[in-house]
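Each chain is listed here by its residues.
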Amino acid sequence: MLRSISLALFLSVIPAAAFANSCPTIMAAIDSALPTATLAEADMTKVKELRAQEKLHAAGDHAGSEAALNEAKKMLGI
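Summary of the structure given here. Quantities reported herein were computed from a predicted structural model and do not represent experimental measurements.

1. A word on the overall build of the protein chain
Reasoning step 1: Helices and strands together make up the secondary structure of the protein chain, namely five helices and zero strands.
Reasoning step 2: The linear arrangement of helices and strands in the protein chain, starting from the amino end, is α-α-α-α-α.
Reasoning step 3: The buried share among the 78 residues of the protein chain stands at 23%.
Reasoning step 4: Here the contacts in the protein chain between residues at least 6 apart in sequence split such that 70% fall between residues at least 24 apart.
Reasoning step 5: For the protein chain, the accessible area works out to roughly 5300 Å², and carbon and sulfur atoms hold 64% of it.

2. Considerations on the pattern of salt bridges
Reasoning step 1: Scanning the entire structure with this criterion turns up two salt bridges.
Reasoning step 2: For the salt bridge of D31 with R51, the shortest nitrogen-to-oxygen distance reads 2.8 Å. Of the two residues, D31 is situated in helix α2 (residues 22–33) and R51 in helix α3 (residues 41–51); the sequence distance between them amounts to 20 residues.
Reasoning step 3: Between E54 and R51 there is a salt bridge, with the nearest N and O atoms lying 2.6 Å from each other.
Reasoning step 4: Exposure remark for E54: the relative accessible area of 37% places this residue in the partly exposed category.
Reasoning step 5: On the basis of relative accessibility, which here comes to 13%, the residue R51 falls in the buried class.
Reasoning step 6: Residues joined by salt bridges that share partners form a network here, namely D31, R51 and E54.

3. Topic: the side chain of S22
Reasoning step 1: Relative to the elements of secondary structure, S22 occurs in helix α2.
Reasoning step 2: In terms of polar contacts, S22 uses its side chain to reach the side chain of E66, at 2.9 Å.

What counts and how
Residues numbered from 1 in each chain as written. Predicted model: local features only at pLDDT ≥ 70, side-chain atom pairs only at ≥ 80, totals over all residues. Heavy atoms only, no water. Helix = DSSP H or I, 4+ residues; strand = E, 2+ residues; numbered from the N terminus. Buried < 20%, exposed > 50% of the residue type's maximum accessible area, 1.4 Å probe, protein only. Contact = heavy atoms within 4.5 Å. Areas by Shrake-Rupley, 256 points an atom, 1.4 Å probe, with all protein chains shown as cover. Salt bridge = Lys/Arg side-chain N within 4 Å of Asp/Glu carboxyl O. Polar contact = N/O pair within 3.5 Å; in protein donor to acceptor, adjacent residues only side chain to side chain.

Here it is in structure tokens:
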């Protein structure tokens, strides 16, 4: 019984840990796309502001960080 509960708990934690580590990957994709991006000045400024939301990741708000970073990716077309 204890083994089953431990296994269930372990399996429920693994997906959360995997998604929490995607912020750095998204940041790297944005960073590599920025130098060659052809966006309007206002859009480029918005993308850079969204990219700066990495402070959310550092504070532990991975959902907020990913939402901002994914919006920046969408604007960049990646």
